[in-house]
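Descriptive analysis of the structure
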Amino acid sequence: MSLDQLDAKPLGPAMAEAHRQLEICNACRYCEGFCSVFPAMMRQKTFAEGDLNHMANLCHNCRGCYYSCQYTPPHEFELNLPAILAEVRQESWESYIRPRALSKAFHEHGFAMALAAAIFIGILFWVASTAGADPSAGFYAHLAHNLMVAIFAPAFLAPLAIIALGLRDYWRDTGGRCPSIADLKSAFGSVSKMKNLSGGHGEGCNFEREDRYTNARRYAHQAVLWGFLLCFLSTSSATLMHYFMNWPAPYGLLTPPKLFGLSGGVLLTLGAIEMIRLKLKADPELSAKRVWRGEFAFTALLGLTALSGLLLYVATGTAAVRPLLAFHLGCVLTLFLMMPYTKMVHGFFRLSALIIEAQKSGGK
């Protein structure tokens with residue numbers, strides 16, 4: 001978006017406040033090395049809407065800049081950059097992902113919506129599983145493999161298509177170009193190491209408390225990220241083994257689906273629990289308060305999905321398999337269907353922002 005467009009289209013309240021605060025930060029520059037937001041800010045003197053969206057999605061809400069700032073309340077400048085960027089970031093997801101009403105509804109009533117959907121879908125799976133099947137078929141004794149594929153494939157791909165359309169518009173508005181290998185390498189390297197949660201000095205950020213640095217949030221994010229990827233690898237390897245190796249479930253402990261699934265489930269469960277613990281300790285004034293419940297609900301749903309999968313493995317061969325399987329599948333399907341409207345969407349936008357930042361900064 002050009003400066004002429006900026007003049008023609010007044011910024012909304014959150015955007016205008018972010019613009020005000022970033023101009024002050026750009027004059028001070030004390031937090032220059034804290035994270036990727038500040039190099040992006042320092043490249044220009046004024047900011048269009050696309051620039052503000054870009055910097056908001058680069059922000060990881062580590063809060064280090066707030067606790068280091070001399071202009072926070074009660075100073076007359078009243079800077080609270082983590083909170084205003086969190087609000088702009090949330091508004092950007094809601095504007096790019098349609099329909100907006102679903103995102104707003106989830107963040108206002110997220111826990112009730114997620115729990116109700118998981119239970120309702122679980123009941124449907126329970127009913128479907130009563131038809132019975134070959135007991136030697138493992139989980140498929142309760143729900144046929146082809147039926148599961150018919151349900152979960154579109155439930156996973158359709159939300160991804162919605163996210164892809166939103167990312168296309170975000171990419172255009174923030175000045176993204178066709179990424180190079182170097183751009184992708186820089187962005188994925190930052191994600192894998194959670195570089196922007198290191199505080200710029202490797203000691204972590206101030207998310208827990210203002211008087212010390214900690215890597216707890218960084219490690220929790222890494223556990224969730226790698227846990228989720230391992231669970232995805234578990235499902236992917238099982239699909240390959242089923243269709244291309246003619247090797248249907250059940251699988252032994254030392255096979256890729258089990259090894260990836262168990263390790264990923266443990267990491268995802270522990271990471272979600274730690275993120276909930278940290279969120280309960282953190283100061284809500286330094287985030288977008290209106291979406292606090294929705295963010296909490298999403299993290300709880302993520303952890304519950306992983307935990308129910310682990311319990312399902314422990315219960316193998318017992319009467320508890322059928323109800324646990326129904327509830328687990330209900331959680332997974334709820335997670336998929338709500339993906340564009342929950343905090344999960346932040347991963348797609350943040351990765352895009354990091355790729356675009358690598359392009360604009362020349363990979364620095």
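Structure's up top.
Residues numbered from 1 in each chain as written. Predicted model: local features only at pLDDT ≥ 70, side-chain atom pairs only at ≥ 80, totals over all residues. Heavy atoms only, no water.

1. Regarding unusual backbone geometry
In the segment running from Pro73 into Pro74, the intervening peptide bond is cis, with an omega of 15 degrees. Mapped onto the secondary structure, Pro74 falls in the loop between helix 5 (64–68) and helix 6 (81–96). Between Arg98 and Pro99 the backbone carries a cis peptide bond, its omega angle lying at -10 degrees. With respect to the element layout, Pro99 can be found in the loop between helix 6 and helix 7 (100–129). Even without being glycine, Arg63 reaches a positive phi, approximately 75 degrees. Judged by relative accessible area, Arg63 falls into the buried class, the value being 3%. (Helix = DSSP H or I, 4+ residues; strand = E, 2+ residues; numbered from the N terminus. Buried < 20%, exposed > 50% of the residue type's maximum accessible area, 1.4 Å probe, protein only.)

2. Quick word on the nonpolar core
Of all hydrophobic cores here, the largest spans 59 residues; its most connected members are Leu22, Val37, Phe38, Met55, Leu81, Leu85 and Phe349. Residues Phe125, Phe152, Ala315 and Leu325 belong to the second largest nonpolar core, which totals 14 residues. (Core = buried A, V, L, I, M, F, W, Y, C linked by side-chain atoms within 4.5 Å.)

3. Describing the pattern of salt bridges
The final tally for this structure, using the stated rule, is 11 salt bridges. Residue Asp169 pairs with Arg172 through a salt bridge whose shortest N-O separation is 3.5 Å. Here Asp169 pairs with Arg172, and both are found in helix 8 (residues 145–173), just three residues apart, close to one helical turn. A relative accessible area of 56% places Arg172 in the exposed class. Between Lys279 and Glu295 there is a salt bridge, with its nearest N and O atoms 2.7 Å apart. One end of the pair, Lys279, is in helix 11 (residues 256–281); the other, Glu295, is in helix 12 (residues 292–314), and 16 residues separate them in sequence. With relative accessibility at 13%, the residue Lys279 sits in the buried group. (Salt bridge = Lys/Arg side-chain N within 4 Å of Asp/Glu carboxyl O.)

4. What to know about the environment of Ser308
Within the secondary structure layout, Ser308 lies in helix 12. The exposure class of Ser308 is buried, given its relative accessible area of 4%. On a C-alpha basis, the gap between Ser308 and Asp51 in space is 41 Å, while along the polypeptide they are 257 residues apart. Non-local contacts of Ser308, meaning those with residues more than four positions away in its chain, are made with Phe327 and His328. (Contact = heavy atoms within 4.5 Å.)

5. Quick look at helix 13 (residues 321–337)
For helix 13, spanning 17 residues, the distance from its first C-alpha to its last is 24 Å, which sits close to the expected 24 Å at 1.5 Å a residue. In terms of residue burial, helix 13 counts as a mostly covered element, since 12 of its 17 residues are buried. Residues of helix 13 that are buried include every one of Val321, Leu325, Ala326, His328, Leu329, Gly330, Cys331, Val332, Leu333, Thr334, Leu335 and Phe336, and no others. (Expected span 1.5 Å × (residues − 1).)

6. Quick look at the side chain of Glu87
The topology assignment puts Glu87 in helix 6. Setting aside chain neighbours within four positions, we find Glu87 in contact with Ala14, Ala288 and Arg290.

7. Overview of the packing of helix 4 (residues 49–58) against helix 14 (residues 345–361)
One can describe the packing of helix 4 onto helix 14 by two numbers: an axis separation of 8 Å at closest approach and a directional angle of 115 degrees. One finds that helix 4 runs roughly perpendicular with respect to helix 14. The handedness of the crossing between helix 4 and helix 14 comes out as left-handed. Here Asp51, His54, Asn57 and Leu58 of helix 4 lie close against helix 14, whose contacting residues are Phe349, Arg350, Ala353, Leu354, Ile356, Glu357 and Lys360. For the contact of helix 4 with helix 14, the per-class residue count stands at five nonpolar, two polar and four charged. (Axes fitted to C-alpha atoms, helices over the stretch in contact; angles between N-to-C directions. Parallel < 35°, antiparallel > 145°, perpendicular 65-115°, else oblique. Left-handed = near helix turned anticlockwise from the far one by under 90°. Nonpolar A, V, L, I, M, F, W, Y, C, P; charged D, E, K, R; others polar.)

No statement about biological role is implied by the geometric values presented.
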